[in-house]
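Descriptive analysis of the structure
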Amino acid sequence: MRFLTLFLILLTTTAAFGKPLVFVSVLPQKAIVQALAGDTLAVEAMVGKGFNPATYQPSPRQIARLSRAAIYIRAGMPFEQSWLPRFRSANPTMTVLDMRQGLELIPDDDHGQEADPHVWTDPRLVKQHARLLSGELAKRFPDLAERLESGYQALAEKLDALDAELRKRLAPLEGKSFLVYHPAWSYFARRYHLRQLAVEAHGKEPNSRSLAALIDRARRLGIQVIIVQPQHSRATARVLARALDARLVEVDPLDEDIFAGLRKLADVLTGKAP
């Protein structure tokens, strides 16, 4: 059994060895790189499905893989503050890019960073990032320039269509508030003129006084849904749900399928989610 496991790891590594390796922080970034480059690059996300980027610890195997990476694209997640210097030490020749470069960012204290990292929740910001990223990848891999440009054009068209769809669907809700546990939807809220209320503040659970104030505010706003995500505890959200007679709905802001994730959030906000 152990031999088989080692063989499968070796096989996976060897299969991707002929392609340049690109590491990203989280799964939505992986989807963007793959949309641009297709299967011409091997792309791996540091934080896998269901893991919390605030507390994530890269594995020794990931560090070993990272030592062979050509590029690391950071998102500005909390774990990167302490780990990025170690990533550079493991691979001094690796190019490090920042997904937030050139974008209009939202200040954020909740992630221990200068700006909220969840830029992929806004299709227009994804399009801007993809334009910049395709150029950076073309500089690093000039043989892929044509493929990267065609990938960008196809992705941009899909993002424009998604943005138009979301604007139309959410227009009747302009100025309305929605309640989330973790404040991961700030860019989405800004783009579509909504207001995000969060249970968690500065990465911490609310105290009893803050929780009572939040319950009172949510009641006045008539909120009946609390949006939670798989990376965080639901204990406090359940307390709120009982107090408000509201239901919990899971929407993952780290969904690898950006399009499906944003459409699901729109379904929840417009009352079309099951």
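Residues numbered from 1 in each chain as written. Predicted model: local features only at pLDDT ≥ 70, side-chain atom pairs only at ≥ 80, totals over all residues. Heavy atoms only, no water.

Attention now goes to the packing of helix 2 (residues 27-37) against helix 5 (residues 123-140). Remark: helix 2 packs on helix 5, axes separated minimally by 10 Å, with the N-to-C direction vectors making an angle of 60 degrees. By the angle between their directions, the pair helix 2 and helix 5 is classed as oblique. Considering the relative orientation of helix 2 and helix 5, their crossing is right-handed. Residue-level contacts link Ile32, Val33 and Leu36 of helix 2 to Val126, His129, Ala130, Leu133, Ser134 and Leu137 of helix 5. For the contact of helix 2 with helix 5, the class distribution of residues is seven nonpolar, two polar and no charged. (Axes fitted to C-alpha atoms, helices over the stretch in contact; angles between N-to-C directions. Helix = DSSP H or I, 4+ residues; strand = E, 2+ residues; numbered from the N terminus. Parallel < 35°, antiparallel > 145°, perpendicular 65-115°, else oblique. Left-handed = near helix turned anticlockwise from the far one by under 90°. Contact = heavy atoms within 4.5 Å. Nonpolar A, V, L, I, M, F, W, Y, C, P; charged D, E, K, R; others polar.)

In this structure, His193 is a non-glycine residue whose phi angle is positive, near 60 degrees. With respect to the helices and strands, the residue His193 is situated in the loop between helix 7 (186-191) and strand 6 (195-198). What makes His193 partly exposed here is its relative accessible area of 49%. Phi angles above zero are rare outside glycine, and Asp245 is one such case at about 55 degrees. Among the secondary structure elements, Asp245 is positioned in the loop between helix 9 (235-244) and strand 8 (247-250). (Buried < 20%, exposed > 50% of the residue type's maximum accessible area, 1.4 Å probe, protein only.)

The next thing to look at is the pairing of strand 5 (residues 177-180). Pairing analysis gives four bridges linking strand 5 to strand 6, with the strands arranged parallel. Residue pairing across strands places Val180 opposite Ala198, the latter belonging to strand 6. Following the backbone out of strand 5, through helix 7 and into the adjacent parallel strand 6, one traces a crossover that is right-handed. In terms of strand pairing, strand 5 meets strand 7 (residues 225-228) through two bridges, oriented parallel. Each residue of the ladder has a partner; that of Leu179, found in strand 7, is Ile226. (Pairing = 2+ DSSP bridges. Right-handed = clockwise from strand over helix to strand, strands pointing away.)

A word on the environment of Glu80. Looking at where Glu80 falls in the secondary structure, it is placed in helix 4 (residues 78-90). Glu80 sits in the buried class, given a relative accessible area of 1%. As for Glu80 and Ala54, which are separated by 26 residues in sequence, their C-alpha atoms are 9.1 Å apart. The residues touching Glu80, leaving out its near neighbours within four places in the chain, are Ser25, Tyr72, Arg74, Ala75 and Pro85. Within the structure, Glu80 has its side chain in polar contact with the backbone nitrogen of Ala75 (distance 3.3 Å). (Polar contact = N/O pair within 3.5 Å; in protein donor to acceptor, adjacent residues only side chain to side chain.)

This part covers helix 8 (residues 208-221). With 14 residues, helix 8 extends 20 Å from end C-alpha to end C-alpha; this agrees with the ideal 20 Å at 1.5 Å per step. All buried positions along helix 8 are accounted for by Leu211, Leu214, Ile215 and Ala218. Buried positions in helix 8, seen along its axis, are confined to an arc of 100 degrees and lie on one side of it. Across from the buried face of helix 8, at angles greater than 90 degrees, the exposed residues are Arg209 and Arg220. (Expected span 1.5 Å × (residues − 1). Arc of directions from axis to C-beta.)

Positionally, Arg74 belongs in strand 3 (residues 71-74). Looking at Arg74, its side chain comes within polar contact range of the side chain of Asp98, at 3.1 Å.

Moving on, we come to the pattern of salt bridges. This structure, assessed with the given rule, holds 14 salt bridges. Notably, a salt bridge pairs Glu44 with Arg65, separated by 2.4 Å at the nearest N-O pair. Of the two residues, Glu44 sits in strand 2 (residues 42-47) while Arg65 sits in helix 3 (residues 60-66), which places them 21 residues apart along the sequence. The class for Arg65 is buried, based on a relative accessible area of 6%. (Salt bridge = Lys/Arg side-chain N within 4 Å of Asp/Glu carboxyl O.)

Turning to the packing of aromatic side chains, a few remarks are in order. For the structure shown, the criterion picks out six aromatic pairs. A centroid spacing of 5.6 Å and a plane angle of 80 degrees characterise the contact between Phe51 and Tyr56, whose relative ring orientation is edge-to-face. Judged by relative accessible area, Phe51 falls into the partly exposed class, the value being 47%. Geometrically, the ring pair formed by Tyr72 and Phe87 is tilted, given 5.2 Å between the ring centres and 55 degrees between the ring planes. Linking Tyr72 in strand 3 with Phe87 in helix 4, this pair joins segments that are 15 residues apart in sequence. By relative accessible area, Tyr72 is classed as buried at 0%. Among the aromatic residues, ring-to-ring pairing joins Phe51, Tyr56 and Phe79 into one connected group. Over the face of the ring belonging to Trp83 we find Arg86, whose NZ or CZ atom lies 4.2 Å from the ring centre. Over the ring of Phe259 we find Lys158, and its NZ or CZ is 4.6 Å from the ring centre. (Phe/Tyr/Trp six-rings, centres within 6.5 Å; stacked < 30°, edge-to-face > 60°. Lys NZ or Arg CZ within 6 Å of the ring centre and 35° of its normal.)

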